[in-house]
Amino acid sequence: MNIRSLTRGDGVVIGAAVLLLIASFLDIYSIEGAPDSAEIPSLWGSGSVVLGVVLAGVIGAALIVVNRAMPQPKKVAGLDLGQFGIAFTVFAAWCALGNIFDPAGAFDNDGGLDNIGAGTGLILALIATLVMAAAAVATPLLPALKGTLIPAARPAAPQPYGGQPQGGYGYPGAQQQPYGGQPGQPGQPGPSFGGQPGQPQPGQPQAPQQAQAQPAGDFSPFWFAVPVPRPLFAEDGSPTPIAELAPGTWYLAVEQRGANLVAQTQDGRRGVLQDTSGIQRG
């Protein structure tokens with residue numbers, strides 16, 4: 001699981017779930033004229049509120065967050081866990097709204113409990129579930145909520161791709177050396193076998209200066225991070241994704257094919273990244 005793949009919308013869902021848990025320990029009723037010493041039960045004193053509001057909301061938030069943090073979404077009956085989570089949050093908000101309108105339930109049918117209203121716990125539970133459901137539904141639709149919750153941090157240690165030392169070829173933030181050049185001598189040709197750097201070998205014609213420089217259009221591998229989760233497709237053109245690139249993780253671009261990039265994941269899999277908009281280069 002990668003918590004760096006969580007979005008801002010997921011952060012709102014988590015905050016609303018915490019508020020819902022706090023509200024569950026507050027008063028479920030507000031009784032007019034009741035003394036301060038009156039013992040009013042919390043939301044945990046009503047089974048329908050616990051099951052329909054508190055647990056439904058918390059379970060829905062957990063399903064949304066877990067689904068987002070997993071490398072591959074898990075599906076049940078053709079639906080991923082995030083879709084089940086959205087349904088739970090909407091159901092919790094609906095149940096909370098019903099309890100606000102009729103907090104006493106069937107007990108006030110005879111008109112003898114008109115002085116009972118919704119307590120602080122029910123009101124906060126309604127607010128929390130409404131915010132939770134709105135964030136869950138709007139996250140895939142609004143770019144502001146699809147942004148990463150935890151920004152990608154530049155790695156400060158060698159990455160698993162070959163284990164090169166810091167500052168080596170392709171490492172984020174390192175200065176790339178031209179092909180054949182020596183460290184500290186950008187653009188200079190490398191030594192041939194048995195020769196000294198920069199010294200032509202006997203009988204070897206000297207190449208023109210233009211041939212020693214790296215063509216500007218040549219591709220050099222580089223590290224990058226994606227702003228939002230994006231699928232990685234197979235190199236053979238199959239429409240089924242082979243992996244999902246998560247925000248907060250550095251990946252290595254090994255080849256460019258038009259507007260697409262061939263990327264390598266941490267476990268060595270290679271695929272084509274078709275959507276390269278907004279990527280962060282290392």
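What you are looking at is a predicted structure, and each value in this text was computed from that prediction instead of being measured.

Parameters at a glance
- Residues numbered from 1 in each chain as written.
- Predicted model: local features only at pLDDT ≥ 70, side-chain atom pairs only at ≥ 80, totals over all residues.
- Heavy atoms only, no water.
- Axes fitted to C-alpha atoms, helices over the stretch in contact; angles between N-to-C directions.
- Helix = DSSP H or I, 4+ residues; strand = E, 2+ residues; numbered from the N terminus.
- Parallel < 35°, antiparallel > 145°, perpendicular 65-115°, else oblique.
- Left-handed = near helix turned anticlockwise from the far one by under 90°.
- Contact = heavy atoms within 4.5 Å.
- Nonpolar A, V, L, I, M, F, W, Y, C, P; charged D, E, K, R; others polar.
- Patch = residues over 30% accessible without salt bridge, like charges linked within 9 Å, V, L, I, M, F, W, Y side chains within 5 Å.
- Areas by Shrake-Rupley, 256 points an atom, 1.4 Å probe, with all protein chains shown as cover.
- Salt bridge = Lys/Arg side-chain N within 4 Å of Asp/Glu carboxyl O.
- Buried < 20%, exposed > 50% of the residue type's maximum accessible area, 1.4 Å probe, protein only.
- Phe/Tyr/Trp six-rings, centres within 6.5 Å; stacked < 30°, edge-to-face > 60°.
- Lys NZ or Arg CZ within 6 Å of the ring centre and 35° of its normal.
- pLDDT = per-residue confidence, 0-100.
- Core = buried A, V, L, I, M, F, W, Y, C linked by side-chain atoms within 4.5 Å.

Relative to each other, helix 3 (residues 81–101) and helix 4 (residues 120–138) sit at 150°, their axes nearing to 8 Å. Considering the angle they form, helix 3 stands roughly antiparallel to helix 4. For the crossing formed where helix 3 meets helix 4, the hand is left-handed. Residue-level contacts link Ile86, Thr89, Val90, Ala92, Ala93, Ala96, Leu97, Asn99 and Ile100 of helix 3 to Leu122, Ile123, Ala125, Leu126, Thr129, Leu130, Met132, Ala133, Ala136 and Val137 of helix 4. Split by residue class, the contact of helix 3 with helix 4 holds 16 nonpolar, three polar and no charged.

So, on to a nonpolar patch on the surface. Taken together, the side chains of Phe25, Trp44, Leu51, Leu55, Ile59 and Phe88 define a hydrophobic patch exposed on the protein surface, amounting to about 590 Å² of accessible area. The element contributing the most residues to the nonpolar patch is helix 2 (residues 47–69), with three residues. Given a relative accessible area of 39%, Trp44 falls into the partly exposed group.

The next thing to look at is the packing of aromatic side chains. What describes a pair of aromatic rings is the distance from one ring centre to the other and the angle between the planes of the rings. Evaluated as defined, the whole model comprises three aromatic pairs. Relative to Trp44, the ring of Phe25 lies with its centre 6.1 Å away and its plane at 45°, an arrangement referred to as tilted. One end of the pair, Phe25, is in the loop between helix 1 (8–23) and strand 1 (29–31); the other, Trp44, is in the loop between strand 1 and helix 2, and 19 residues separate them in sequence. Residue Phe25 is classed as exposed on the basis of its relative accessible area, which comes to 59%. Within the aromatic cluster, the residues linked to one another by ring pairs are Phe222, Phe224 and Tyr251. Positioned over the ring face of Phe222 is Arg281, at 3.7 Å from the centre of the ring.

Attention now goes to the confidence of the model for the protein chain. Of the residues in the protein chain, 68% have a pLDDT of 70 or more, and the chain-wide mean is 75. Here helix 6 (residues 209–212) stands out as the least confident element of the protein chain, with mean pLDDT 40; helix 4 is the most confident, with 93. Long-range and interchain partners of residues 156–171, a stretch whose pLDDT sits below 50, account for 33 contacts in this model, where long-range means more than four residues apart. Low pLDDT, under 50, characterises residues 173–216; the predicted model gives this stretch 33 contacts beyond four residues in sequence or across chains.

As a further point, take the nonpolar core. Val13, Leu20, Leu43, Val49, Val53, Ala125 and Met132 are the most contacted members of the largest nonpolar core, which has 21 residues in total. Within the residue set of this core, elements represented by two or more residues are helix 1, helix 2, helix 3 and helix 4. Ranked by residue count, the leading element in this core is helix 4, at seven residues. Core analysis: the next-biggest nonpolar cluster, separate from the first, contains twelve residues, Phe224, Val226, Ala246 and Leu261 among them.

This paragraph deals with the side chain of Thr89. The residue Thr89 is located in helix 3 in this model. Apart from residues lying up to four places away in sequence, Thr89 is in contact with Gly57, Gly60, Ala61, Ile64, Thr129, Met132, Ala133 and Ala136.

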